[in-house]
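Single-letter residue listing:
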Amino acid sequence: MSGIAAVGESYQKFNPRAYLQNNYMPPRADFSSEDCVVPWKLRCLAEAFATGAIHGRTLLDIGSGPTIYQLLSACDHFEEIIATDYLEVNREVLRRWVQDEPDSFDWSPYIRHVCRIEGKGEQWKEKEQKLRRKLRQILPIDVHQPEPLGSQLRQPADALVSTFCLEAVSPDRPSFERALRNVTTLLQPGGHFLLIGALEETFYLAGEAKLSVVPVSEADVREALSKSGYRIHDFRSYLMPPSLKIGVDDVSGVFFVHAQKAAVA
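Report on the accompanying structure. (Residues numbered from 1 in each chain as written. Predicted model: local features only at pLDDT ≥ 70, side-chain atom pairs only at ≥ 80, totals over all residues. Heavy atoms only, no water.)

A separate point is the sheet that holds strand S4 (residues 157-163). Taken together, seven strands build an open sheet; the order of strands is S3-S2-S1-S4-S5-S9-S8 and the sheet is mixed. Every other strand in the sheet has two partners, leaving strand S3 (135-140) and strand S8 (230-239) as the edge strands with one partner each. The mean angle between the axes of side-by-side strands here comes to 15 degrees, regardless of whether they run parallel or antiparallel. Here S4 pairs with strand S5 (residues 187-199) via six bridges, running parallel. Residue Ala157 lies in a different strand from S5, and its bridge partner there is Leu187. Contacts between helix H3 (residues 37-50) and the sheet are confined to strand S2 (78-85), S4, S5, S8 and strand S9 (253-261), with S9 contributing the most and set at about 15 degrees to the helix. Contacting strand S1 (56-62), S4, S5, S8 and S9, helix H7 (residues 173-184) crosses the sheet at an angle of about 145 degrees to S5. (Pairing = 2+ DSSP bridges. Helix = DSSP H or I, 4+ residues; strand = E, 2+ residues; numbered from the N terminus. Axes fitted to C-alpha atoms, helices over the stretch in contact; angles between N-to-C directions. Contact = heavy atoms within 4.5 Å.)

Structure, rendered in structure tokens:
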């Protein structure tokens, strides 16, 4: 079995509920402290969208997993948002949230926090409804294919978002770089890419699943983006404090990048 095939096999045990509990509940989701990792990610995204540079018709989220926090600040800047994931269990979690099913994960603390830091006076319920309305498609994706979405995308997206995906599904650095090149084909020339991921992580847990991660450094991420034809506008790193190292992974930190694909010459 190839490295990529083995990764795909390991994800069959992925438990979305356990993943959400590990990463999107306290202590990692502590909204009382801006120094906590979740508020840091939300602020990075809010500030990137606040520049006004990232907008258009379609935003494509690469490897959404069972989460929607990465889309909250995008609501006002795109007509439609497309979520994607390799796993049907994750796509079902997203569908249930869009349909406001009673057992879906409670993202309201995230939505309230984003409304607060954006400072537009928007009510959190308005933002929640807006995202549900704009999240029009939830599609299967395989970032290791040259055409990750097959024929499902009519035209390249105006912008991409991806959080904790590429490094978490790649067995080595070359496959990480190829996956980045593959998803770059889904972005129009001159389009923007907001990328969040793990620094120097080798594994994480999601229920019974122990998932391998290719450890990448800031320099590795910068190099991969450069090879795929991106110009970096902003690169930030977050060092995971000991209090948030809770045994569900061995992550050293988190990176945030705002990059822009080269325009056609």
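Now for the pattern of salt bridges. Enumeration over the complete set of coordinates arrives at 26 salt bridges. The shortest N-O distance in the salt bridge between Asp100 and Arg132 comes to 3.3 Å. Remark: Arg132 occurs in helix H6 (residues 124-134) and Asp100 occurs in the loop between helix H4 (88-98) and helix H5 (108-118); sequence separation between them is 32 residues. Two residues, Asp220 and Arg173, come together in a salt bridge whose shortest N-O distance is 3.0 Å. Note that Asp220 is positioned in helix H8 (residues 218-227) and Arg173 in helix H7, a separation of 47 residues in sequence. (Salt bridge = Lys/Arg side-chain N within 4 Å of Asp/Glu carboxyl O.)

This paragraph deals with H3. Counted at 1.5 Å a residue, the expected span for H3 with its 14 residues is 20 Å, and the 20 Å between its end C-alpha atoms agrees. Within H3, eleven of the 14 residues are buried, leaving the element largely enclosed by the surrounding structure. Taken together, the buried positions of H3 are Val37, Val38, Pro39, Trp40, Lys41, Leu42, Cys44, Leu45, Ala46, Ala48 and Phe49. Phi for Gly52, located one or two positions after H3, is positive at around 80 degrees. (Expected span 1.5 Å × (residues − 1). Buried < 20%, exposed > 50% of the residue type's maximum accessible area, 1.4 Å probe, protein only.)

Fair warning: the whole summary comes from geometry, so function is off the table for now.
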